[in-house]
Amino acid sequence: MTRVTAQASTVDSATTSSTPVYRNAELSDLADVAAIEAERFGDQAYPYFVLRQLFDLHGANWLIAEVGGLVVGHVLVALTPDRRGWLLSLAVRAHSCGRGYGSALLAEAINLCRRQAMRSVLITVRPTNQSAYNLYRRIGFAWTGYEERYFGAGEPRDILEYKLANI
């Protein structure tokens, strides 16, 4: 398990400082991930049982942001056989927004995909979610598609892609 701070130095797991730690998710993190999902996505949050099954399939590639022992954010990464990394969810607790945790999680997810020889990283975003859209564009994601009913009637999504250098 890798534990990385924003300054890219290793941190002991017992550390309870206010320095953020970015690490691989563990099964014991699922309750915190579910709480963040519910807080940030409401009725569109992944329920716990889905998170558990996704963890069994893709958990080795999920990342957590932790500050002072508290999980403040996560990014759920799924790697596909066609060498694409899908970011299934990226969220930071409301009280922790604006501190760079989302940007750092996104950068860590892109680096994870690069290390796993993925050719690109994809994420969907509601076209009206301007703050998320701005974050992805600032990092280097580009619009690649739109689906009017991505999550069903009335749930359109833009599909954004970050192309990784040829490996």
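Reading guide: rules and limits
Residues numbered from 1 in each chain as written. Predicted model: local features only at pLDDT ≥ 70, side-chain atom pairs only at ≥ 80, totals over all residues. Heavy atoms only, no water. Helix = DSSP H or I, 4+ residues; strand = E, 2+ residues; numbered from the N terminus. Buried < 20%, exposed > 50% of the residue type's maximum accessible area, 1.4 Å probe, protein only. Areas by Shrake-Rupley, 256 points an atom, 1.4 Å probe, with all protein chains shown as cover. Salt bridge = Lys/Arg side-chain N within 4 Å of Asp/Glu carboxyl O. Core = buried A, V, L, I, M, F, W, Y, C linked by side-chain atoms within 4.5 Å. Contact = heavy atoms within 4.5 Å. Arc of directions from axis to C-beta. Axes fitted to C-alpha atoms, helices over the stretch in contact; angles between N-to-C directions. Parallel < 35°, antiparallel > 145°, perpendicular 65-115°, else oblique. Left-handed = near helix turned anticlockwise from the far one by under 90°. Nonpolar A, V, L, I, M, F, W, Y, C, P; charged D, E, K, R; others polar. Pairing = 2+ DSSP bridges. Right-handed = clockwise from strand over helix to strand, strands pointing away.

**So, the overall build of the protein**
Consideration 1: Counting secondary structure elements, the protein contains 4 helices and 8 strands.
Consideration 2: The linear arrangement of helices and strands in the protein, starting from the amino end, is β-β-α-α-β-β-β-α-β-α-β-β.
Consideration 3: Within the protein, the proportion of its 167 residues that are buried is 46%.
Consideration 4: Carbon together with sulfur atoms contributes 50% to the accessible area of the protein, which is approximately 8,700 Å² in total.

**Structural notes on the pattern of salt bridges**
Consideration 1: Scanning the model with the defined rule gives 9 salt bridges in all.
Consideration 2: Taken together, the shared-partner salt bridges in this structure form one network comprising Arg23, Asp29 and Glu66.

**Here's the deal with the nonpolar core**
Consideration 1: Membership of the largest hydrophobic core comes to 30 residues, with the highest contact counts inside it found for Val75, Leu87, Leu105, Leu106, Val121, Tyr136 and Phe141.
Consideration 2: Broken down by secondary-structure element, the contributors of at least two residues to this core are strand E3 (63-67), strand E4 (70-79), strand E5 (84-92), helix H3 (101-115), strand E6 (120-125), helix H4 (130-139) and strand E8 (157-163).
Consideration 3: In contact with Val75, not counting residues within four places along its chain, are Trp62, Leu63, Leu87, Ser89, Leu90, Leu105 and Ala109.
Consideration 4: Formed by 13 residues, the second largest nonpolar core is a distinct cluster that contains Leu30, Phe55, Trp62 and Ala91.

**Description of helix H2 (residues 48-58)**
Consideration 1: Regarding H2, the residues found buried are Leu51, Leu54, Phe55 and His58. Each buried residue of H2 sits inside an arc of 105° when the element is viewed along its axis, so together they form one side. With respect to the buried face of H2, the exposed residues turned more than 90 degrees away are Phe49, Asp56 and Leu57.

**Focus: the packing of H3 against H4**
Consideration 1: Between H3 and H4, the shortest axis-to-axis distance is 11 Å and the interhelical angle comes to 50°. With respect to each other, H3 and H4 are oriented oblique. As for how H3 packs across H4, the hand of that crossing is right-handed. Between H3, through Gly102, Ser103, Leu106 and Ile110, and H4, the contact on the second element is made entirely by Leu135, Tyr136, Arg138 and Ile139.
Consideration 2: Looking at the contact of H3 with H4, its residues break down into 5 nonpolar, 2 polar and 1 charged.

**Looking at the pairing of E3**
Consideration 1: Among the 5 residues of E3, 5 are classified as buried, and the element is accordingly described as predominantly covered.
Consideration 2: Burial along E3 is two-sided: the face carrying Leu63, Ala65 and Val67 and the face carrying Ile64 and Glu66 are both buried.
Consideration 3: As judged from the 4 bridges shared by strand E2 (residues 21-24) and E3, these two strands associate in the antiparallel manner. Paired with Asn24 across the strands is Leu63, a residue of E3.
Consideration 4: Pairing between E3 and E4: 5 bridges, direction antiparallel. Each bridged residue has a counterpart across the sheet, and for Val67 the counterpart in E4 is Leu70.

**A few points about the pairing of E5**
Consideration 1: For E5, the buried fraction is high: 7 of the 9 residues fall into the buried class.
Consideration 2: Where E4 lies against E5, 7 bridges are found, and the strand directions are antiparallel. Note on E5: the bridge partner recorded for Leu79 is Gly85.
Consideration 3: Adjacent in sequence and paired antiparallel, E4 and E5 are bridged by 4 residues, among which Arg83 carries a positive phi angle near 65°.
Consideration 4: Inspection of the sheet shows E5 paired to E6 by 3 bridges, in the parallel sense. Directly across from Gly85, in E6, lies its bridge partner Val121.
Consideration 5: Where the polypeptide runs from E5 across H3 and back to E6, its parallel neighbour, the crossover connection is right-handed.

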